[in-house]
Every structure is written in C-alpha cells, then in structure tokens.
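Chain by chain, the residues run as shown.
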Amino acid sequence: MARRPLPRILSKDSAQIARMQIARSRELARTAADSATDVLHPLITVTRGLRLLAASGQRRWADTPKDKRGPLLFLVASLILAVALLPYGPLLAVITVMATAAWQGRDRTPPAPEGPDESQTERLQTLYEALVPYFSAPEDPAPLYTHGGEWEKAVPDHEFDDDGRVAHLVIRYPAYFTDAEHEARARIEQLLTAKAGRGREYHFAWDEEGNQLTVTALPPLPADIPAQHFVTAPGETVLGFTDPSEIQRTLPLSYGEEQIDVPPVVWRTGIRSTEPHLLAMGHPGTGTSTLLRSIALQALQYGDVLFVDGGGTGEYACLTGRNGVLTVECALPGALASLEWAAQETERRLIAINLARQAGDPPPADARRALWILVDRPSVFTHLAAADGRKDPQELLQVPLRHGRAANVTVVVAEQFDGAEALGDAVRQHTRARVVLGPATARQVEAVLGAPPHTTPPGQVPPGRGYARLGAGPVHRLQVPRTPDPYDDATSDADRQAVLELLPARTAPVEPNASAPTDLTKRTMSAEAVVAEPS
C-alpha cells in the first residue's frame, strides 16, 4: 500500500513575509544607527557645541551697536594675530575651542529620579497599609506586613505612568496566605483595583511558588477596528483582538489611514480542531450579533452559511440571497426545516466520507466544503416550540454538534444570559470554544468559560468587548471587530461601506414566504440518494 505524502505546511502569505523582511531590515538599520551613534558620540558632541558657539557669536554680533562693531573687529583681529605669533599658539587655540565646544555640546538632560517622589511614596505606603489585614497573622514572628512598616521590602518593583498612577507592581506576600483559594485572590484583586486607581483594567499574575503577585495596568483594547479581510488560512476565524503579551501572532490591519499589527484571537475549525463549535453569551446590546456577522463574513470565503435568527430583529437581512448563504430563517417553521436539513446533511457527509475512505478515494468536494450553522437566541424558538407543541430546534442541533467535526460542519450559538437556562445539554457539552461579551460579573464569566478572568472588568464596556477561551486554554481579553448591520440607520457610512464590501454578490432573489431555499431542497434530495445507495 503506497504511503500518502504528508500535507505540506502552509507557508505565510507573501505580503506577511514582505512585512517581516521590512521589520527585520528596520531592526538592523536601528541597530546600526545605535552603534554608529555610540562610536561618533564625541564628534556629535563637539559639532553640537560648535553650532551653539557660532549661534552665540552671531547673537552677540547682532546685539552690538553699529558704531562699536569696528573696534570689536579690531580687537578680535589683534587676538588672532597674537595667538598666531605665540609658540604653539594655533594648536592651543584649537584645543581650547574644541574643549569649549565639547563642554557646550554636552547632554544637559536632567537624569531621571532613581526612586519614587513624595506623592508616589505616599501612594505606595497607603497601598502597603491597606494590605496589612490580609497579609499578616498574629502568630507570625517576623511579619512582612505591619502597621507603620516599610513598604520597600514588600514591593520590590514598581512603575508609575505619566499621570502619576500605578502602572506596574510586584508585591511579595507571606507563604501562609491562601493564594490557591479564589475568594482570597478576589479580595486582594478588588483591594488593589481600588487603591491603584479605578477605571482601568489590571492583569494579575500570581506566582504561587515564589509568593509574588504582579499587577499590570493594561491599555484599553482598540474598539474601532472596522470589519475587513483578515490574513488567515482556511479553517481559521478571527474572533477579535487581544493583548500583545498573550498572543505571539499578529495580523496586519487597516486602522484608519494607517497599517497596524494587532494580536488576534484565532479560532481554528475543521476536522483537526479540538474546539469545533462555539458558544457566545452576553446581554442585549453587547455585541453577540456583531460577532455572528463577523464570523459569517469570514466563513463565506471558504464555505456555506445557514442562519437561524431567534431574535427576529432582522439584523442578518443583509445576508439573505448572498452567494454561499443557504438561508436566513426568522420563523419557527423555517428554523425547524433548516435545522432538520442540517442534521440530514451532516449524516450525508459522514456517509459520503466513509464510502470514499473505504474505496481509497478522497472525500467528495461537497463534503470537504465547510458548512456553518449560526444560531442566534435558540431559547426563543425553544419557548415557541413548547407553546406550539412542536419539536425543540435544539434537539436538531445534536447531530451537527456531535458529528460536525468529522463532517466539516461548524455550529455557532449566541444566547443572552437571561435565556442561558434554556440551552440544551448538547449545546453546553459540545461548544468548547466560549465567548462572553458585555459587563458580566466574574462569576458569570467563570460559569461560561470554566475559568475566571485574570483581569478586572473595564469601567466602561464598549460593544463587542469581553473575554474568550478556546477549550482548556487561557482566558483572553477580547474586542470583536466593528461589524454593524449595514441596513441600520444608526450605522455610519464608513462602517456600512466596509461591511457591504465584504458581502458576497447577491445571486438569488429574496423569497420571504419560502421556508428553505432551493439549495437546501437539492441537497436534501442528494442526501437521501446517498443514504439509499447500497454500500
């Protein structure tokens, strides 16, 4: 049996390689410039001093009255003649001028203060005193934290920003502090947030082995990055953007008139994905619909999309009839029909892939093309189905959720916190990629993501701001790219144009009374034909 060659590792895009080469060239040029500056520093200093002496002489000549300029020129000429006639006079004159120029051209920038100033010292002492009740014990023979103690031993490293607020802290704490308990950590984090300055986000890194806590004030994530084409490979979806310290990879983006590199939160789907399905939770107006639109625009580049909108607000009407969009359903009958087709399509793909593998052939093209099932607020359809005596649409998601990875089917569910109890067990168990958007409490974030965030919530939460966790990975701050509804009157012209440019061409007329598009009917017939075909 012949061995199949291993798939070739995808190389980076040529544009990204060019950017890396440009960045490397800039780094080399910067290093060469720094080395040249160190070598030529004496010459630069003397040149700067000569320029200052010349400017001073020019000002002195301009300030001298015209009737006194003649005697001044005679005096200068006499001095030059005397110096020229003296033994070694010109050499001593040149040395004197160079020494004077070196003194005048020296760096006069005042050195930065080595320690904190009076206000910073008072702030650190206040913070130290506030930690005494939490980091001290009566039976401790040599307490690190005491009232009126020295903060220098407990805070070995600290930084302040230009506004005089805390930017970075390294805090030591005694070994008997219960840093393994979430409640104890939460109390310390809440206290430090209040004392270091509210209105900012802080990252807390607990070093349990070294008994140290590192507190870092995080800059706000950019909330105005518009929707655009992202440089990603097939099977990669950009959920949003996060901190540079958390992600090593960056994406080139258009940010206004500039080009910037931002670290993304990339969700990988497909056959080899460990988190093939996603669940997004949030409150109304926090950006879950924006996230679904952003995912849909990226999914349409390599696959087909089936939309089920339980909210019924028409926020996905811009996708209706587009190339690659199978259907956009807002009513219960259409949702049931579409999800039933999705379950049958998943089974058909599994059978087709199995038959191809038994025959030693590659999977068929229609089974390799990705199918995305995007469901917004399924709890609404659950209540409507229960009131009408129909089948719960979430039951139809069990087959795509359980077998979607093998069939190249991806399910994305967005729900609000008030409808979280109506989510089915299949949705809870098989959506290992999680996103929480909006002003959620730490307990709500932990309940959805399975782990608490390591940062404090911001004072003002913009739409699309939250946290993301892929499987058992770390919890990342997340900012969803700005992808509003282009048909909304409140959408700006720039955002509307950015979204419309990403939409595929409209290839099918809109049929408001149709429960499912023609593509679904054709594919259902092909699925039944494959199932009926004898193996």
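A. Spatial organisation of the overall build of the protein. A count of helices and strands for the protein gives 15 helices and 16 strands. In the protein, buried positions account for 41% of the 535 residues. Long-range pairs, those at least 24 residues apart, make up 66% of the contacts in the protein with a sequence separation of at least 6. Counting every atom, the protein has about 30,000 Å² of accessible surface; 55% of that belongs to carbon and sulfur.

B. Representation of the packing of helix α8 (residues 332-358) against helix α11 (residues 398-407) in the model. Interhelical geometry of α8 versus α11 gives an angle of 35° and a closest axis separation of 9 Å. Considering the relative orientation of α8 and α11, their crossing is left-handed. Only Val 399, Pro 400, His 403, Ala 406 and Ala 407 of α11 make contact with α8, whose side of the interface consists of Ala 342, Ala 343, Thr 346, Glu 347, Arg 349, Leu 350 and Ile 353.

C. Structural view of helix α13 (residues 442-449). All of the buried residues along α13 are Val 445, Val 448 and Leu 449. Down the axis of α13, the smallest arc covering the buried residues is 85°, so these residues share one side. Those residues of α13 that are exposed and angled more than 90 degrees off the buried face are Arg 443 and Ala 447. Positive backbone phi, approximately 85°, marks Gly 450, located one or two places after α13.

D. Broad picture of the nonpolar core. Counting residues in hydrophobic clusters, the biggest one holds 35 residues, and the most contacted among them are Val 308, Ile 373, Leu 397, Val 413, Val 436 and Leu 449. When residues in this core are grouped by element, the largest group, six residues, is from α8. Those residues in contact with Ile 373 that sit more than four places away from it in its chain are Leu 306, Leu 339, Ala 342, Leu 397, Pro 400, Val 409, Thr 410, Val 411 and Val 412. Of all hydrophobic cores here, the second largest spans 34 residues; its members include Ile 295, Leu 319, Ala 468 and Leu 503.

E. Here's a closer look at the packing of aromatic side chains. Under the counting rule described, the total for this entry stands at 10 aromatic pairs. For the pair Tyr 128 and Tyr 145, a centre-to-centre distance of 5.1 Å together with 20° between the ring planes defines the contact as stacked. Linking Tyr 128 in helix α5 (residues 118-131) with Tyr 145 in the loop between α5 and β1 (157-160), this pair joins segments that are 17 residues apart in sequence. By relative accessible area, which is 2% here, Tyr 128 ends up buried. Tyr 145 sits in the buried class, given a relative accessible area of 2%. Note that Arg 465 overlies the ring of Tyr 467, its terminal NZ or CZ placed 5.8 Å from the centroid.

F. Structural detail: the confidence of the model for the protein. Looking at the protein, pLDDT values average 84 and 88% of them are 70 or higher. Across residues 512-518 the pLDDT falls below 50, and counting only partners more than four positions away or on other chains, this stretch makes seven contacts in the model. The low-confidence segment residues 521-535, where pLDDT is below 50, has 15 contacts with residues more than four positions distant or belonging to other chains.

G. Representation of the pairing of strand β11 (residues 325-329) in the model. Counting buried positions along β11 gives five out of five residues, so the element sits mostly inside the fold. With four bridges joining them, strand β10 (residues 303-309) and β11 adopt parallel strand pairing. For Val 305, the partnering residue across the bridge sits in β11 and is Val 325.

H. Molecular detail of the sheet that holds β1. Within the open sheet, the four strands sit side by side as β1-β2-β4-β3. Their pairing is antiparallel. For this open sheet the edge positions go to β1 and β3 (201-207), each flanked by a neighbour on one side alone. Across the sheet, the mean angle separating the axes of adjacent strands is 15° when strand polarity is ignored. Pairing of strand β2 (residues 166-172) with strand β4 (residues 212-218), which is carried by five bridges, proceeds in the antiparallel orientation. Directly across from Val 170, in β4, lies its bridge partner Thr 214. Sheet contacts for α5: β1 and β2; angle to β2, the most-contacted strand, approximately 45°.

Cut-offs and rules
Residues numbered from 1 in each chain as written. Predicted model: local features only at pLDDT ≥ 70, side-chain atom pairs only at ≥ 80, totals over all residues. Heavy atoms only, no water. Helix = DSSP H or I, 4+ residues; strand = E, 2+ residues; numbered from the N terminus. Buried < 20%, exposed > 50% of the residue type's maximum accessible area, 1.4 Å probe, protein only. Contact = heavy atoms within 4.5 Å. Areas by Shrake-Rupley, 256 points an atom, 1.4 Å probe, with all protein chains shown as cover. Axes fitted to C-alpha atoms, helices over the stretch in contact; angles between N-to-C directions. Left-handed = near helix turned anticlockwise from the far one by under 90°. Arc of directions from axis to C-beta. Core = buried A, V, L, I, M, F, W, Y, C linked by side-chain atoms within 4.5 Å. Phe/Tyr/Trp six-rings, centres within 6.5 Å; stacked < 30°, edge-to-face > 60°. Lys NZ or Arg CZ within 6 Å of the ring centre and 35° of its normal. pLDDT = per-residue confidence, 0-100. Pairing = 2+ DSSP bridges.

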